[in-house]
Amino acid sequence: MSPFNRTGSGPLTFILTGVPGLPMSSSWVALPLCCLYLLMLLGNCTLLGMVRTEHSLHTPMFYFLSMLAAADLGLSLSTLPTMLPIFWFESTSLRFEACVVQMYFIHCFSAIESGVLVAMAFDRFIAICYPLRYASVLTSSLIMKAAGVIFTRGVFVVLPVAILMEKMPFCGSRVLSHSFCLHQDMLRLVCGDVRVNSLYGLTAVILTKGLDSLAILLSYVMIIRAVLSIVTPETRAKAFSTCIAHLCAVLIFYVPLIGLSITHRFGKHPHPLTHTLLADAYLLVPPVLNPLVYSWKTKQIRRRIL
């Protein structure tokens, strides 16, 4: 079977998938999906507005929180152009070039969010283990440099993934497993040698999510050691409570991500709904829940909302 020609016989297009078992145009999916996007926009834009206008929130913790909100916005807006048209208008076809661009931005913002979670873990580590040095260590200059490194890493680590995908031939099925484009999902439709793409994709994951998860784990090992060394139970509980919101953000982000990666790489014949639910949870749940979790657990934000 010959590869699809992207120039002669017409543009190469992919077919996106809605929710298996439900009709493509379904208000049961479209309305809740719109509500999720509106809630995401409202929550994250409110956080960004608060941090920008409230002088009392100009601290390292809230600067990192605003970076998380910006990454969440980017991640959600990367999926919006394909998800809403699928369920509202049954528009399932997507040009190859647009699919590559969407894939790039999804993985780019995902890598940026992972890096921000590491920076927030470092913030909690300094606040609990070295509270007297908190202001001298987490200076504005360091925060700006950390933001630059996180953004640059996300942009350039993922860029070769998109460049390599541009050169791949496609043949046979063009039906993707999700309502948006992901690297592993596109890779399974390639009819050529995918070893380089697959190897670099795995390397990019290790250099971002892999190293980030280890850094977060190491930070919390040291945080737990410091908290357990505190004598009074009340002070110990108060110190650890400052980490609850961040721990929730880490679990919300990494649990669906790990499940989706394992399913794509090692799942032999998983049910189509498994792919859909894990991918949607990975890309839609963190941007919606993170503002709610931080509003609930951070009294400075809760006080201004109420």
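Computed from a predicted structure; not experimentally measured.

About the criteria used
- Residues numbered from 1 in each chain as written.
- Predicted model: local features only at pLDDT ≥ 70, side-chain atom pairs only at ≥ 80, totals over all residues.
- Heavy atoms only, no water.
- Helix = DSSP H or I, 4+ residues; strand = E, 2+ residues; numbered from the N terminus.
- Core = buried A, V, L, I, M, F, W, Y, C linked by side-chain atoms within 4.5 Å.
- Buried < 20%, exposed > 50% of the residue type's maximum accessible area, 1.4 Å probe, protein only.
- UniProt positions renumbered as here; feature names shortened; annotations may be inferred.
- Disulfide = S-S within 2.5 Å.

Draft legend 1. Main features of the environment of Ile-258. Here Ile-258 is to be found in helix H9 (residues 244-266). Separated by 49 residues in the primary sequence, Ile-258 and Lys-209 have C-alpha atoms spaced 9.4 Å apart.

Draft legend 2. Region of interest: the nonpolar core. By size, the foremost hydrophobic cluster in this structure holds 88 residues, and its most contacted members are Leu-117, Phe-170 and Met-186. Among the secondary structure elements, those contributing two or more residues to this core are helix H1 (27-53), helix H2 (60-89), helix H3 (96-129), helix H5 (140-166), helix H6 (183-187), helix H7 (195-228), H9 and helix H10 (272-297). Broken down by element, the residue count for this core peaks at 18 residues, all from H3.

Draft legend 3. Structural context of the UniProt feature "transmembrane region" (unreviewed entry) in the chain. The positions that UniProt labels "transmembrane region" (unreviewed entry) are, in the present scheme, residues 28-50, 62-89, 101-122, 142-165, 243-263 and 275-296. Counting secondary structure, residues 62-89 comes out at 100% helix and 0% strand; the distance between its end C-alpha atoms is 39 Å. Helix makes up 100% of residues 101-122 and strand 0%, with an end-to-end C-alpha separation of 32 Å.

Draft legend 4. How the structure looks around the state of the cysteines. A full pass over the atoms with the stated rule returns two disulfides. Each sulfur of the disulfide joining Cys-99 and Cys-181 lies 1.8 Å from the other. Disulfide Cys-99-Cys-181: the torsion about the S-S bond is -115°, which places it as left-handed. Residue Cys-99 is located in helix H3, and its partner Cys-181 is located in the loop between H5 and H6; the two are separated by 82 residues in the primary sequence. By the burial criterion, Cys-99 is buried, and Cys-181 matches it. In this model, Cys-171 is linked to Cys-191 through a disulfide, with the two sulfur atoms separated by 2.5 Å. Here Cys-191 lies in the loop between H6 and H7 and Cys-171 lies in the loop between H5 and H6, a separation of 20 residues in the sequence. Residue classification places Cys-171 among the buried positions, given a relative accessible area of 13%. You can call Cys-191 partly exposed: its relative accessible area is 36%. Across the chain, the disulfide pattern expressed with sequentially numbered bonded cysteines is 1-3, 2-4. A disulfide-free cysteine, Cys-34 has its sulfur positioned 7.0 Å from the sulfur of Cys-35, the nearest such atom.

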